[in-house]
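# Chain and residue survey
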Amino acid sequence: MIPIVFFFFLFFFIHLLLLLLLPSLGPRRIASSILPNPSSFLLIIILSHNLCSHSSTLQYASASSSSSLLEDEKILLQIKSLLQQSSPSFKSSNISDWINTSSSTDSGNGPCGWSRVTCQNVNTTSASTSPRVTAIDLSFLNISNDISTMSLLGFSNLTYLSNLNLSHNSLQGSISQDISSSISLTSLDLSFNYLTSLYPQSNLSLLSKLEFLHLGSNNISSSVSHAIPMDCTHLKILNLSFNSFFDFSSQPWNTCIGLKTLDLSHNRFNGSLLPP
């Protein structure tokens with residue numbers, strides 16, 4: 001920003017030049033007709049300073065928002081690249097619009113305009129809201145990764161990711177540590193895969209914001225306690241059907257005060273099931 005003092009001296013120099021070039025008018029007439037009074041000039045300086053400061057604030061907020069969304073874009077592009085490398089049958093054509101917007105002639109809304117990606121305006125550390133990636137739908141894409149590869153994807157680096165759908169794929173092994181560390185998730189769908197375990201490689205106990213959890217139609221052999229957050233206050237819908245879950249009674253159900261739908265059908269529970 002150019003200093004206000006510069007404008008002051010420029011303003012003074014122009015009027016002094018007019019005084020020298022137009023002597024016929026007389027100094028007083030020139031001064032009275034052209035030069036503003038001191039209070040008006042002070043007001044101009046104050047307004048100019050405020051406008052410049054406001055402009056700088058807006059530019060900073062805009063740059064901060066773009067930078068944050070750009071980080072989300074980089075993470076999504078990394079996820080796409082790793083899936084292409086590790087899943088030979090991965091249907092990458094379904095997310096062909098996931099491209100680097102900085103090198104595109106039409107950046108549009110960045111990742112917010114991509115298929116299978118949802119953005120929302122969220123409250124950040126800045127004064128105003130900004131768009132961030134909040135939901136990803138990668139269902140029916142023939143993803144066939146195991147635990148070692150899935151841990152590298154980086155879902156947990158998406159700060160505001162609340163909805164993740166990886167259903168109807170060929171995920172194997174255990175739920176990745178990356179997913180179990182995505183503590184902002186409120187909805188997680190891993191149904192219709194080939195998952196076999198939750199522990200000790202992975203544990204969903206930290207996902208205390210979950211409202212919807214669908215692990216149905218897998219091959220999970222585990223205690224139910226490993227599939228539910230330690231604090232399940234917000235959990236409303238839980239589907240663990242068509243698996244090999246056991247030891248239902250060990251889960252502290254007294255914290256699941258908001259649970260409305262529970263499906264435990266087609267599992268391998270022994271003995272009686274204690275009601276929640």
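Residues numbered from 1 in each chain as written. Predicted model: local features only at pLDDT ≥ 70, side-chain atom pairs only at ≥ 80, totals over all residues. Heavy atoms only, no water.

### Notes on the packing of aromatic side chains
To keep it simple, the criterion reads: Only centres within 6.5 Å qualify two rings of Phe, Tyr or Trp (six-membered ring in Trp) as a pair; their planes then separate them into stacked at under 30 degrees, edge-to-face at over 60, and tilted for everything else. Every helix listed is a DSSP run of H or I at least four residues long, and every strand listed is a run of E at least two residues long, numbered separately from the N terminus. The rule is simple: take the accessible area with a 1.4 Å probe, protein chains only, and divide by the maximum for that residue type; under 20% is buried, over 50% is exposed, in between is partly exposed.
Under the definition given, this model contains one aromatic pair. With 5.6 Å between their ring centres and 20 degrees between their planes, Trp98 and Trp114 make a pair best called stacked. Of this pair, Trp98 sits in the loop between helix H3 (38-86) and strand E1 (117-123) while Trp114 sits in the loop between H3 and E1, placing them 16 residues apart in sequence. Across the pair, exposure class does not vary: Trp98 and Trp114 are buried alike.

### Examining the pattern of salt bridges
Just so we agree on the cut-off: We define a salt bridge as a side-chain nitrogen of Lys or Arg found within 4 Å of a carboxyl oxygen belonging to Asp or Glu.
Overall, the coordinates contain three salt bridges when judged by the stated rule. Of the charged contacts in the structure, one is a salt bridge between Lys74 and Glu71, with a shortest N-O distance of 3.8 Å. On the criterion of helical spacing, the pair formed by Lys74 and Glu71 is a turn pair, its members being three residues apart in helix H3. Assessed through its relative accessible area of 48%, Lys74 is described here as partly exposed. Accessibility expressed as a relative area gives 40% for Glu71, which makes it partly exposed. With a closest N to O distance of 2.8 Å, Asp72 and Arg132 form a salt bridge. Within this pair, whereas Asp72 is found in helix H3, its partner Arg132 is found in strand E2 (residues 129-137), the two being separated by 60 residues in sequence. On the accessibility criterion, Arg132 (7% relative accessible area) is buried.

### So, the sheet that holds strand E8 (residues 237-239)
What counts here: The pairing criterion for strands is at least two bridges between them, as found by DSSP. Helix axes are fitted to C-alpha atoms over the stretch in contact, other axes to C-alpha atoms as well, and angles between N-to-C directions run from 0 to 180 degrees.
Reading across from one edge, E1-E2-E3-E5-E7-E8-E9 is the order of the seven strands in this open sheet, with mixed pairing throughout. The strands lining the two open edges of the sheet, one partner per strand, are E1 and strand E9 (261-263). The mean angle between the axes of side-by-side strands here comes to 15 degrees, regardless of whether they run parallel or antiparallel. Where E2 lies against strand E3 (residues 163-165), three bridges are found, and the strand directions are parallel. Its bridge partner being in E3, Asp137 is matched across the sheet by Asn165.

### Side note on the side chain of Asp72
To be explicit about the condition: Pairs of N or O atoms are called polar contacts if they sit within 3.5 Å, as long as, within protein, a hydrogen donor faces a hydrogen acceptor (for residues adjacent in sequence, only side-chain-to-side-chain pairs). In this analysis, two residues are considered to be in contact whenever any of their non-hydrogen atoms come within 4.5 Å of each other.
With a relative accessible area of 2%, Asp72 lands in the buried category. A polar atom in the side chain of Asp72 sits 3.2 Å from the backbone nitrogen of Val133. Ignoring sequence-local partners within four residues, the contact set of Asp72 consists of Arg132, Val133 and Leu158.

### Describing the confidence of the model for the protein
Note the cut-off: For every residue, the predictor assigns a confidence score, pLDDT, that lies between 0 and 100.
In this model, the protein carries an average pLDDT of 78, and 66% of its residues clear a pLDDT of 70 or more. Contacts from residues 27-35, a stretch scored under 50 in pLDDT, to residues over four places away or in other chains number nine contacts. Taken together, the stretch residues 38-65 has pLDDT below 50 and engages in 10 contacts with residues farther than four places along the chain or on a different chain.

### What to know about the state of the cysteines
Counted only if it meets this: To count as a disulfide, a pair of cysteine sulfur atoms needs to be within 2.5 Å.
One pass over the structure, following the stated rule, counts two disulfides. One disulfide bridge connects Cys112 with Cys119, the sulfur atoms lying 2.3 Å from each other. Between Cys112 and Cys119 the sulfur-sulfur dihedral comes to about -90 degrees; the bridge is accordingly left-handed. Since its relative accessible area comes to 23%, Cys112 is described here as partly exposed. Residue pairing for Cys232: its cysteine sulfur links by disulfide to Cys256, the two sulfurs lying 1.8 Å apart. Looking along the S-S bond of the Cys232-Cys256 disulfide, the torsion reads about -95 degrees, which is the left-handed sense. Pair noted here: Cys232 is in the loop between strand E7 (212-214) and E8 and Cys256 is in the loop between E8 and E9, with a separation of 24 residues, a long-range link. This pair shows no difference in class: Cys232 is buried, exactly as Cys256 is. Cysteine pairing in the protein follows 1-2, 3-4, where each cysteine in a disulfide is numbered by its order in the sequence.

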